[in-house]
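Structural overview for review
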Amino acid sequence: MERSFSEALKHRRTYYSITNQSPISDQEIECIVSTVVRHVPSAFNSQSTRVVLLLGESHKKLWKIVKDALKKIVPADAFVKTEEKIDHSFACGYGTVLFFEDQKVVKGLQEAFPSYQENFPGWSLQTSAMHQLAMWTMLEDVGFGASLQHYNPLIDEEVRRTWNLPEHWHLIAEMPFGLPAGKPGEKEFQPLEERVKIFK
């Protein structure tokens, strides 16, 4: 669609109703992921963000892991609703992007710059957030609907085991995406004058 950055940002919304169809090829999805990881900035140029793209059976496997983990802690009568939400909002999509932060990089920076050591975990999360927004906006710009989910740390261990990921990759968020099957979630805007101050 190639909107301007401003237009793409305004257009981005949360979609809970998605399908397992894609408006672009898997290769183009991989290109979006690579572009985001390569070009989004990071504190101290740490490049601490790690991303896993799950398509096809791997995508379905993730949401089975989520359901299995939740089934152990959610009461049986409430789990029916939980399972329905996962099946009809996330698992039914085309793919999922997993966002991680490499704790080996974070700890390395803490050791290299001890005077900033308390800041690096927060800066790492800010780096991840920038990657999440860029990925979300670029996916939506080509026609996908997406949402951002947080089933970590409940699923962390099983995710690492299933895809043989390093222990020092810390899961931050999950972004299921697919072709929109309905309207995006409503968004209410708080008054800008309460959120922005301008001084000249």
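Residues numbered from 1 in each chain as written. Predicted model: local features only at pLDDT ≥ 70, side-chain atom pairs only at ≥ 80, totals over all residues. Heavy atoms only, no water.

Another aspect to go through is unusual backbone geometry. Negative phi is the rule for most residues except glycine; trans is the rule for most peptide bonds. A cis geometry characterises the amide bond from Asn152 onward to Pro153, with omega recorded as 5 degrees. The phi dihedral of Phe44 is positive, around 60 degrees, even though this residue is not glycine. For Phe44, a relative accessible area of 39% corresponds to the partly exposed category. (Buried < 20%, exposed > 50% of the residue type's maximum accessible area, 1.4 Å probe, protein only.)

Here we come to the packing of aromatic side chains. Counting across every chain of the model gives 14 aromatic pairs. Considering the side-chain rings of Trp63 and Phe90, the 5.1 Å spacing of their centres and the 35 degrees angle between planes classify their relative orientation as tilted. Of the two residues, Trp63 is situated in helix H3 (residues 56-71) and Phe90 in the loop between helix H4 (76-89) and strand S3 (95-102); the sequence distance between them amounts to 27 residues. As far as burial versus exposure is concerned, Trp63 and Phe90 are alike and both buried. (Phe/Tyr/Trp six-rings, centres within 6.5 Å; stacked < 30°, edge-to-face > 60°. Helix = DSSP H or I, 4+ residues; strand = E, 2+ residues; numbered from the N terminus.)

Taken from the UniProt record, the annotation "domain: Nitroreductase" (unreviewed entry) applies to residues 9-178. Its end C-alpha atoms 18 Å apart, residues 9-178 is made of 51% helix and 17% strand. (UniProt positions renumbered as here; feature names shortened; annotations may be inferred.)

Turning to the pairing of strand S2 (residues 49-55), a few remarks are in order. Judged by how many residues are buried, S2 sits mostly within the fold: five of seven residues are covered. Note: S2 against S3, seven bridges, orientation antiparallel. Within the sheet, the bridge partner assigned to Leu54 lies in S3 and is Thr96. (Pairing = 2+ DSSP bridges.)

In the contact formed by helix H2 (residues 26-39) and helix H6 (residues 120-141), the axes pass within 10 Å of each other and the chain directions differ by 150 degrees. As far as their axial angle goes, H6 and H2 are roughly antiparallel. Judged by the twist between their axes, the crossing of H2 over H6 is right-handed. Contact residues: Ile32, Val33, Thr35, Val36 and Val37 in H2; His131, Ala134, Met135, Met138 and Leu139 in H6. (Axes fitted to C-alpha atoms, helices over the stretch in contact; angles between N-to-C directions. Parallel < 35°, antiparallel > 145°, perpendicular 65-115°, else oblique. Left-handed = near helix turned anticlockwise from the far one by under 90°. Contact = heavy atoms within 4.5 Å.)

In the contact formed by helix H5 (residues 103-112) and H6, the axes pass within 10 Å of each other and the chain directions differ by 140 degrees. Between H5 and H6, the interaxial angle falls into the category oblique. Here H5 runs over H6; the crossing is right-handed. Along the contact surface, H5 presents Val106, Leu109 and Gln110, while H6 presents Phe120, Pro121 and Ser124. When grouped by side-chain class, the residues that make up the contact of H5 with H6 number four nonpolar, two polar and no charged. (Nonpolar A, V, L, I, M, F, W, Y, C, P; charged D, E, K, R; others polar.)

The next point concerns H2. Counted at 1.5 Å a residue, the expected span for H2 with its 14 residues is 20 Å, and the 20 Å between its end C-alpha atoms agrees. All of the buried residues along H2 are Ile29, Ile32, Val33 and Val36. Projected down its long axis, H2 carries its buried residues within an arc of 95 degrees, all on one side. Seen from the open side of H2, the exposed residues pointing more than 90 degrees away from its buried face are Gln27, Arg38 and His39. Buried residues belonging to H2 abut S2, H6 and strand S5 (169-180). (Expected span 1.5 Å × (residues − 1). Arc of directions from axis to C-beta.)

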